[in-house]
Amino acid sequence: MIQALFDYGLFLAKALTLVFALGLLGLLLMRLRLRVGDLGQNDDGELLVQNLTHRFADMADEIKRNTLPPKAFKQAMKQERKQEKQRAKAVARDRRRVFVIDFHGDIMATEVAGLREVVSALLMEADAEDEVLVRLDNAGGAVHEHGLAASQLLRIREHGLSLTVAVDKVAASGGYLMACVANRIVAAPFAVVGSIGVLAEMPNFHRWLERNGVDFELHTAGEYKRTLTLFGENTDEGRAKLREQLEETHQLFKSFIQTYRPDLDLARVATGEYWHGEQALALGLVDALKTSDDYLLAARADADLYRLSYKAHKRPLDRLLGAIRLGMSALASRLPLAVSRGVG
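In the annotation of an unreviewed UniProt entry, the protein is listed under the name Protease SohB and assigned to Thiohalocapsa marina. Looking at the protein in UniProt, the text filed under Subcellular location (unreviewed entry) is "Cell membrane".

Asker: Which parts of the structure should I look at to understand the packing of aromatic side chains?
Answerer: What describes a pair of aromatic rings is the distance from one ring centre to the other and the angle between the planes of the rings. Throughout the structure, instances matching the rule amount to four aromatic pairs. Connected via pairs of aromatic rings, a cluster forms that spans F205, F216 and F231. A cation over an aromatic ring shows up here: K241 above the ring of Y224, its NZ or CZ 4.6 Å from the ring centre.

Asker: In this structure, what is going on with unusual backbone geometry? I would like to understand it.
Answerer: Backbone phi values are negative for most residues with the exception of glycine, while trans is the configuration of most peptide bonds. With a phi angle near 45°, A109 is a residue other than glycine that sits in the positive phi range. Position of A109 relative to the elements: it lies in the loop between β2 (97-104) and α4 (112-125). Positive phi values are uncommon outside glycine, yet S195 reaches one of about 55°. Note that S195 resides in the loop between β6 (192-194) and β7 (198-199).

Asker: Explain the pattern of salt bridges here, please?
Answerer: Where charged atoms from two side chains of opposite charge approach closely, those side chains can pair. Scanning the model with the defined rule gives 13 salt bridges in all. As a salt-bridge pair, R95 and D304 come within 3.2 Å of each other at their nearest N and O atoms. Residue R95 is found in the loop between α3 (70-92) and β2, and its partner D304 is found in strand β10 (residues 304-311); the two are separated by 209 residues along the sequence. By relative accessible area, which is 16% here, R95 ends up buried. Between E125 and R97 there is a salt bridge; the shortest N-O distance is 2.9 Å. Placement of E125 in helix α4 and of R97 in strand β2 is noted, with a sequence separation of 28 residues between them. Taking the relative accessible area as the measure of exposure, E125 reaches 45% and is therefore partly exposed. A relative accessible area of 17% means that R97 is categorised as buried.

Analysis parameters
Residues numbered from 1 in each chain as written. Predicted model: local features only at pLDDT ≥ 70, side-chain atom pairs only at ≥ 80, totals over all residues. Heavy atoms only, no water. UniProt positions renumbered as here; feature names shortened; annotations may be inferred. Phe/Tyr/Trp six-rings, centres within 6.5 Å; stacked < 30°, edge-to-face > 60°. Lys NZ or Arg CZ within 6 Å of the ring centre and 35° of its normal. Helix = DSSP H or I, 4+ residues; strand = E, 2+ residues; numbered from the N terminus. Salt bridge = Lys/Arg side-chain N within 4 Å of Asp/Glu carboxyl O. Buried < 20%, exposed > 50% of the residue type's maximum accessible area, 1.4 Å probe, protein only.

In structure tokens, the structure reads:
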């Protein structure tokens, strides 16, 4: 038993050492980046547009090519070319467009940088008849980052475009904060939706440091500059203040959702619980059960489909810093050592 406790303590020490080492390395690299940032200019990146209508048609043609007899395949291709000409004429008559944006969330919502570029470009081109479909996969994270991501989607709706969010896997907590601004939310039957709540968690090593004769000093100006700390002695007053801040954030979360989903019974759904697709539909968290794939195939009948994404061109140092941030986010999501997660 003693050996097991010793091994566990050693594991925690190694994990903490790794976290702090990565943090220190990130800080040093950031300072280096600031020093060399003026030595050259970054290429801001490029907007990528993929024609999904053609992509779906090409895949269907490949199935025909490999499954139909040669004569039947030629007849099918002849019919396909005829339909393609009809679609081309429809384009000339301003056939509507569906623009598809993929957002894969992490704790710090790092894809928001690309999202804001895509949205800005989209708003300069899209017409009132067009639609935006966001394929959202996001389990939540930091409040401010996911709040900014939600604001980017809100720009689409406020511009007068029809905004649909499709949830194939998860839109929980900060993910649902983003989803709720849509005119319509569709979800797969087993997608995870909800988790409307706020949390903060952190370990405290004060007693361990005290037993080992290590002093820790924290100096602040402002009564609540720091409520809880990793290494100092936490107080009941600090805990009470943190809980007050969490309740305030939760209230902001609920008010934001109520604005865009006014028929939701927040007393029922804003408990921090999550639900799967069918339950979410019954509670009014989503509007229909459908995968993004079926939604796009149905839309293809009267619309042209385009996937928009943003590819940032980064210097090697920027790529390294990004990899470190993603690694630390992944570590924080897996170890019971995470500091405040925000909406989660």
